[in-house]
Every structure is written in C-alpha cells, then in structure tokens.
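# Working through the structure, step by step
So the chains spell out like this:
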Amino acid sequence: MGSQRLSVVVTRRLPAVVETRMRELFDVELRDPDSRMTREDLAAAMRRADVLVPCLNDQIDANLLAQAGDKLKLIANYGAGVDHIDVASARQRGILVSNTPGVVTEDTADMTMALILAVTRRIPEGLAVMQAGDWQGWSPMAFLGGRVGGRRLGILGMGRIGTALAKRARAFGMQVHYHNRKRLRPEQEAEVEATYWDSLDQMVARMDVVSVNCPHTPSTFHLMNARRLKLMKPSAVIVNTSRGEVIDENALTRMLRAGEIAGAGLDVFEHGHEINPRLRELPNVVLLPHMGSATVEGRVEMGEKVIINIKTFADGHRPPDLVVPGML
C-alpha cells in the first residue's frame with residue numbers, strides 16, 4: 001500500500017492509547033458512543049473502509065462479505081478467536097484476516113484458575129450472604145467446599161492458555177491431565193507434569209475438574225455434549241473460559257439442576273449474552289460476563305497487535321498474525 005494512509009473503521013471503543021495511536025497512523029473512524037454495530041452498519045463500514053477492525057461479537061459471514069466493496073482488503077480482528085469471521089469466504093474475495101494471538105494467555109489462565117477456586121470453594125455463596133447482611137458468624141459446617149490440592153484437572157485443549165493453566169494448577173498442587181488434537185512434546189509434558197489422554201471420554205470420566213480451553217470450530221461444537229457430560233463424576237465441576245459453543249448449555253443446565261454435576265464456572269455462553277435463565281438460579285454455578293481477557297494490559301496489547309498488523313499491511317508486507325483457513 002506504500003505510504004498511503006489507509007481508511008480504518010473500528011467497530012467498538014478501544015483503550016484511549018490505542019485509539020490515539022491509530023489516529024496518528026491511519027484515517028480512522030472510531031466508534032462513539034460504544035455500541036454494537038448492526039449488520040447494516042457493518043455492511044456499510046465494509047464498503048467504505050480499506051481495513052475493518054471488528055470484535056468477537058461482530059458476525060462476519062459469507063452473506064455480509066458479499067456486500068463488501070472492492071476497497072476492503074484487510075479484516076484486522078481485535079481478538080485471538082476468529083470463529084465469528086468466515087475466513088475462507090474472505091480469502092476468496094481477496095480480503096486478508098489477521099488476529100491478536102498470545103496476548104491474553106496469562107490473563108485468561110488467571111481467570112480460569114479463579115473460576116476453579118470460586119466454584120470449588122463456594123466463594124459466590126459466601127459473598128451473597130455477606131452482601132445480604134445475613135452472616136451469623138463462623139460455624140464448623142458452614143460453606144464447606146473442597147480442597148483443590150490433590151484434585152485431578154482435565155484440560156481440554158493444551159494450547160497457550162491450557163499450558164499456562166497447567167502451570168498454575170501445578171502450583172496449587174493439582175494433578176494435570178489433558179486431551180489435545182496433538183500430543184505435546186515430552187519435554188513440554190514434563191514441564192507441567194501432565195498426563196496425556198488420547199480419549200476425551202476416558203479423561204473426563206476420571207477428572208475432578210474439567211477445563212475447556214479449546215477454540216470453537218466445526219469439530220469442537222458441542223464437544224462436551226450430553227453424552228460426554230454424563231461421563232463426568234457427580235462430584236466433578238466444569239469450567240469454560242474459551243467458547244460457549246463447545247458445551248451443550250441446555251444439557252449442562254439440566255445436569256447441574258439434577259445434581260449430576262457438582263458445579264460449573266462459565267465465562268462464555270453458547271448464545272453470546274443470551275444465557276439460559278435457569279443457570280442464574282443455581283448456587284453451584286459461577287457466571288461471569290466474558291471477563292477472561294479483561295485486563296487493561298491485555299486490551300492495550302491486543303490493540304498494539306492490531307496496529308502492527310495494519311501498519312505491516314500498509315507497508316506492503318504480510319501481516320505477522322495473518323489467519324489462513326488451514327490454521328482453523
């Protein structure tokens with residue numbers, strides 16, 4: 001693209017330092033006020049921009065891409081996951097897609113560990129009593145949870161976040177197990193003292209805690225379906241900070257209500273912000289509003305990666321975080 005200043009449309013508000021740097025480098029259109037774009041808004045933005053900077057709740061499918069004009073050349077996604085973008089259709093239209101991998105690894109692993117502790121130690125129940133002013137003082141049998149040390153943690157998806165979680169779990173004295181598309185190298189397994197299972201069914205049946213850390217792809221949709229959830233021990237808990245579509249949410253809700261699974265910690269949901277209302281009623285379920293990567297540092301680093309991808313493309317080079325269909 002040479003020295004030409006690209007026209008960039010950002011679909012949501014980003015940290016001020018990121019927006020300021022974008023304005024210095026590009027002809028950028030920022031979102032104000034911070035509201036989600038409609039499909040019509042997105043289609044119009046894709047017709048007038050060289051680069052679109054969407055977020056995970058902007059669904060960019062083949063039909064929407066068909067409405068993009070010839071001007072759009074890059075979708076620089078603000079986030080690591082790209083399951084909301086039809087990457088193959090974009091490539092067919094000559095539109096590149098980039099993402100921001102790696103920068104949310106530590107933050108998401110922190111939140112996953114926090115959810116494990118919150119569910120097993122019944123932290124929300126304690127908070128609710130304190131906030132209601134109903135605490136009557138210490139009692140030997142009140143709010144008894146379970147010790148995490150010595151428990152078996154089964155990690156579904158041993159990528160960056162899964163590996164970071166494994167290190168944290170080992171520090172808490174948990175026994176780490178994992179199922180992954182490909183087995184780790186021996187030295188990687190040894191670093192976190194992880195046990196590999198080629199059968200997901202066999203792993204989940206033996207775990208005390210199951211953590212979902214794999215991306216959402218056609219092959220992982222409802223990977224934790226009703227049949228597989230029923231393999232879990234009644235005393236086990238499940239945590240998800242990856243993508244809600246990996247778990248059959250209705251089946252999970254039924255089993256939690258029936259006492260067939262001891263608890264759940266969910267930061268993501270199958271239908272976005274539309275959560276099964278029966279999940280809200282359960283005291284053994286911790287629900288968070290997709291906070292896994294919500295740190296100031298993480299959001300700024302995501303923005304910096306977006307800027308690098310756009311600037312590299314503007315200079316006529318391949319964006320460093322280019323996404324191709326074969327990666328998905």
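A brief report on the enclosed structure follows. Since we're looking at a predicted model, the values are computed, not measured.

## Remarks on the pairing of strand β1 (residues 7–10)
Taking every second residue as pointing to the same face, both faces of β1 are buried, with S7 and V9 on one and V8 and V10 on the other. In this structure, β1 lies alongside strand β2 (residues 27–29), joined through three bridges in parallel fashion. Residue pairing across strands places V8 opposite V28, the latter belonging to β2. Following the chain from β1 across helix α1 (residues 16–25) to the adjacent parallel β2, one finds a crossover that is right-handed.

## Let's talk about the sheet that holds strand β11 (residues 263–266)
Strand order in this open sheet of seven strands is β8-β7-β6-β9-β10-β11-β12, and the pairing throughout is parallel. Strands with a single pairing partner mark the edges of an open sheet, and in this sheet they are β8 (194–196) and β12 (285–287). The mean inter-strand angle of the sheet, taken between neighbouring strand axes irrespective of direction, is 20°. In this sheet, strand β10 (residues 237–240) lies alongside strand β9 (residues 209–212) in parallel orientation, the contact comprising four bridges. Across the sheet, S211 pairs through a bridge with V239, a residue of β10. Against the sheet, helix α7 (residues 160–171) makes contact with β6 (152–156), β7 (175–179) and β9, and its axis sits at roughly 170° relative to β6, the strand it touches most.

## Regarding helix α2 (residues 39–48)
Within the span of α2, buried status applies to L42, A43, A45 and M46. Buried residues of α2 fall within an arc of 165° about the axis and therefore sit on the same side. In this fold, the buried residues of α2 make contact with β1, β3 (51–53) and α3 (62–65).

## Brief notes about a nonpolar patch on the surface
Residues M130, W135, W138 and F143 make up a contiguous nonpolar surface patch of about 530 Å² in total accessible area. As for its placement among the helices and strands, M130 is situated in helix α6 (residues 123–132).

## Topic: α1
Since one α-helical turn is 3.6 residues long, residues separated by three or four positions face the same way. Looking at α1, one finds that the buried residues are V18, E19, M22 and L25. Buried residues along α1 cover an arc of 130° about the axis, so they all sit on one side. α1 presents A16 and V17 as exposed residues on the side facing more than 90 degrees away from its buried surface.

## Topic: the pairing of β11
Side chains G263 and G265 project from β11 onto one buried face, and the interleaved A264 and L266 project onto a second face that is buried too. Direction of pairing for β10 relative to β11: parallel, over a ladder of four bridges. Across the sheet, residue V237 finds its bridge partner in β11, namely G263. What joins β10 to β11 is helix α11 (residues 249–258), and the crossover it makes is right-handed.

## Examining unusual backbone geometry
With the exception of glycine, the majority of residues adopt a negative phi angle, and the majority of peptide bonds are in the trans configuration. Geometrically, the link from D32 to P33 is a cis peptide bond, its omega value of 5° lying close to zero. Its place among the elements puts P33 in the loop between β2 and α2. Despite not being glycine, R122 has its phi angle at roughly 60°, a positive value. By the secondary structure assignment, R122 is in the loop between α5 (105–120) and α6. A positive phi angle, close to 50°, is found at E193, a residue other than glycine. Examined against the element boundaries, E193 turns out to sit in the loop between α8 (186–192) and β8.

About the thresholds
- Within each chain, residues carry numbers counting from 1 in the order of the written sequence.
- Reporting of local features is limited, given that this is a predicted model, to residues whose pLDDT is at least 70; pairs of side-chain atoms are given and counted only at 80 or more, and all residues count toward the totals for whole chains, interfaces and linings.
- Calculated side-chain values reflect all of the structure's heavy atoms, with hydrogen atoms and water omitted.
- The buried label applies to any residue whose accessible area, calculated with a 1.4 Å probe on protein chains only, is under 20% of its type's maximum; exposed applies above 50%, and partly exposed to all values in between.
- In this text, helices come from DSSP runs of H or I with a minimum length of four residues, and strands from runs of E with a minimum of two, each type numbered from the N-terminal end.
- A pair of strands is treated as paired once DSSP finds two or more bridges between them.
- Crossovers are marked right-handed if the path from the first strand over the helix to the second runs clockwise, as seen with the strands pointing away from the viewer.
- The axes are straight lines fitted to the C-alpha atoms, using for helices just the contacting stretch, and the angles between their N-to-C directions are given from 0 to 180°.
- Here, two residues are considered to be in contact whenever any of their heavy atoms come within 4.5 Å of each other.
- Read the arc as the range of directions from the helix axis to the C-beta atoms.
- For patch building, the residue pool is restricted to those with more than 30% relative accessible area and no salt bridge; the joining distance is 9 Å between like charges and 5 Å between nonpolar side chains (Val, Leu, Ile, Met, Phe, Trp, Tyr).
- Accessible surface area values rest on a Shrake-Rupley calculation with a 1.4 Å probe, where residue burial reflects the displayed protein chains alone.
- Only one rule defines a salt bridge in this text: a Lys or Arg side-chain nitrogen within 4 Å of an Asp or Glu carboxyl oxygen.

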